[in-house]
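Next come the chains, spelled out residue by residue.
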Amino acid sequence: MENHSLPKLHIAPLFCLLFLTSLVNCQLNYTFYDDSCPSLTKIVRYGVWTAIANDTRMAASLLRLHFHDCFVNVCMPLQGCDGSVLLDGGEKNALPNLNSARGFEIIDSIKSNLEKACPGVVSCTDVLTLAAREAVYLTGGPYWSLAFGRRDGLTTSETAANEQLPGPFEPLDNITRKFAAKGLDTKDVVVLSGGHTLGFAQCGVVKPRLFDFAGSGRPDPSLDASFLQSLQSTCPNRNESNSNLAPLDASSSKFDNVYYKLLVNSSGLLRSDQALMSDNVTGSMVVGYSKFPFLFYKDFGASMVKMAGIGVITGSNGDVRKNCRVVN
């Protein structure tokens, strides 16, 4: 992860004023790149497929990167899905991303190939949005239609990322409020949490539940006993195990509904995931998705479309970066 920030990234207030003085009149369009970059989907799909073939964790990484991009509003209230997480400095250095956010080089590679096929046309934000869908689709998950035309933001903020991204230790009420601030509801919380059917978590995030839950000196009592024993083996109570990886569900390289089945059995890896079972409303949704995978797939696609529309920049605002790591 690069730690430096570029001079242009320090003038966020000026850009915010510029964005806020003009309303976004242009809308996203399903045919936005049909003429200007007809090979877009093919190039992105091949790039994502190659990345997953080399590293099965990459599907989860790209999905998480898209989520972390859309959830950070650098410039209230307009910016959200704006590729700001891809800029060097700022959000990359925030606690939820530092040493854990991955996939930047995959987006760079895809963008480089797109610049050869259709230079200066496709924004980094649209590349990331499409890459996240392909990551889900190529691992057995649903396919959903995407509208395009997002422009890239000009700013990135470490502080905004630290404040706005939901964390694995937060209570459900906090997470729900953060979703609501982005125009997402309780159903979206449950559905998008299902993205944790892919990937792993570092043991440093998990170990408080295993050995010192809420400062009690004991494990989280809600954890299934056999699951607890397995996790303690993967994540022993030693500092050197902090970077070990624990799977978020039993089929961590396949997009399915096993995540919800584990929650029903008190075997959710993250405290924030298992908390979904502590509420009657969210708990009943979890049970439903554990029984009906196609319902989960349908709702996941719908929630991803909602998320991909958070605070997009369109029209003449923002930028279409040539290099996703720096503004033009």
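Residues numbered from 1 in each chain as written. Predicted model: local features only at pLDDT ≥ 70, side-chain atom pairs only at ≥ 80, totals over all residues. Heavy atoms only, no water.

Some remarks on helix H10 (residues 225-234)
Taken as a whole, H10 has its buried residues at Phe227, Leu228 and Leu231. The buried residues of H10 occupy an angular sector of 100 degrees when the element is viewed end-on, so they sit on one face. Turned more than 90 degrees off the buried face of H10, the exposed positions are Ala225, Ser226, Gln229 and Ser233. Its buried side turned inward, H10 meets helix H9 (203-211) and strand E2 (245-247). (Buried < 20%, exposed > 50% of the residue type's maximum accessible area, 1.4 Å probe, protein only. Helix = DSSP H or I, 4+ residues; strand = E, 2+ residues; numbered from the N terminus. Arc of directions from axis to C-beta. Contact = heavy atoms within 4.5 Å.)

Let's talk about the environment of Ala302
Residue position: Ala302 is located in helix H14 (residues 293-307). With a relative accessible area of 44%, Ala302 lands in the partly exposed category.

Section: the environment of Asp299
Position of Asp299 among the secondary structure elements: in helix H14. In the structure, Asp299 is positioned 111 residues away from Asp188 in sequence and 8.4 Å away in space, judged by C-alpha atoms. Beyond its immediate chain neighbours, meaning those up to four positions away, Asp299 contacts Lys187, Val191 and Tyr289.

A word on the UniProt feature "binding site: Ca(2+) 1" (unreviewed entry) in the protein
When the UniProt feature table is mapped onto this chain numbering, "binding site: Ca(2+) 1" (unreviewed entry) sits at Asp69, Val72, Gly80, Asp82, Ser84 and Glu91. A maximum C-alpha distance of 12.4 Å is found for the annotated residues, which run over 23 residues; spatially they form one tight group. Looking at where Asp69 falls in the secondary structure, it is placed in helix H3 (residues 58-70). Apart from residues no more than four positions distant in its own chain, Asp69 is found in contact with Gly80, Cys81, Asp82, Gly83, Ser84, Val85, Thr125 and Leu128. With near-sequence residues (within four places) excluded, Glu91 lies in contact with His68, Val72, Val74, Ser84, Val85, Asn97, Thr156, Ser157, Glu158 and Ala161. (UniProt positions renumbered as here; feature names shortened; annotations may be inferred.)

Remarks on the state of the cysteines
By the definition in use, this model includes four disulfides. Residue pairing for Cys124: its cysteine sulfur links by disulfide to Cys324, the two sulfurs lying 2.1 Å apart. Its S-S torsion of about -95 degrees marks the bond between Cys124 and Cys324 as left-handed, since a negative value means left-handed. Pair noted here: Cys124 is in helix H5 (residues 124-138) and Cys324 is in the segment after H14, with a separation of 200 residues, a long-range link. Considered together, Cys124 and Cys324 belong to a single accessibility category, that of buried residues. Sequence-ordered numbering of the bonded cysteines in the protein yields a pairing of 1-4, 2-3, 5-8, 6-7. (Disulfide = S-S within 2.5 Å.)

Here's the deal with the side chain of Glu115
With respect to the helices and strands, the residue Glu115 is situated in helix H4 (residues 104-117). Reaching out from Glu115, the side chain makes a polar contact with the backbone nitrogen of Gly120 at a distance of 3.1 Å. Beyond its immediate stretch of four places on either side in the chain, Glu115 contacts Gly120, Val121, Arg321 and Lys322. (Polar contact = N/O pair within 3.5 Å; in protein donor to acceptor, adjacent residues only side chain to side chain.)

Comments concerning the packing of aromatic side chains
Applying the stated criterion across every chain, the model contains 18 aromatic pairs. Ring geometry for Phe296 and Tyr297: centres 5.9 Å apart, planes at 55 degrees, overall tilted. Given a relative accessible area of 16%, Tyr297 falls into the buried group. A network of ring pairs unites the aromatic residues Trp144, Phe255, Tyr259, Tyr260, Tyr289, Phe294, Phe296, Tyr297 and Phe300 as a single cluster. Against the face of Phe104 rests Lys92, its NZ or CZ located 4.3 Å from the ring centre. (Phe/Tyr/Trp six-rings, centres within 6.5 Å; stacked < 30°, edge-to-face > 60°. Lys NZ or Arg CZ within 6 Å of the ring centre and 35° of its normal.)

Remarks on the pattern of salt bridges
Side chains that differ in charge, positive against negative, can pair when their charged atoms come close. Within the structure shown, the criterion is met by 15 salt bridges. As a salt-bridge pair, Asp55 and Arg102 come within 2.5 Å of each other at their nearest N and O atoms. Here Arg102 lies in the loop between H3 and H4 and Asp55 lies in the loop between helix H2 (40-54) and H3, a separation of 47 residues in the sequence. Exposure remark for Arg102: the relative accessible area of 22% places this residue in the partly exposed category. Between Lys298 and Asp299 there is a salt bridge, with the nearest N and O atoms lying 3.0 Å from each other. (Salt bridge = Lys/Arg side-chain N within 4 Å of Asp/Glu carboxyl O.)

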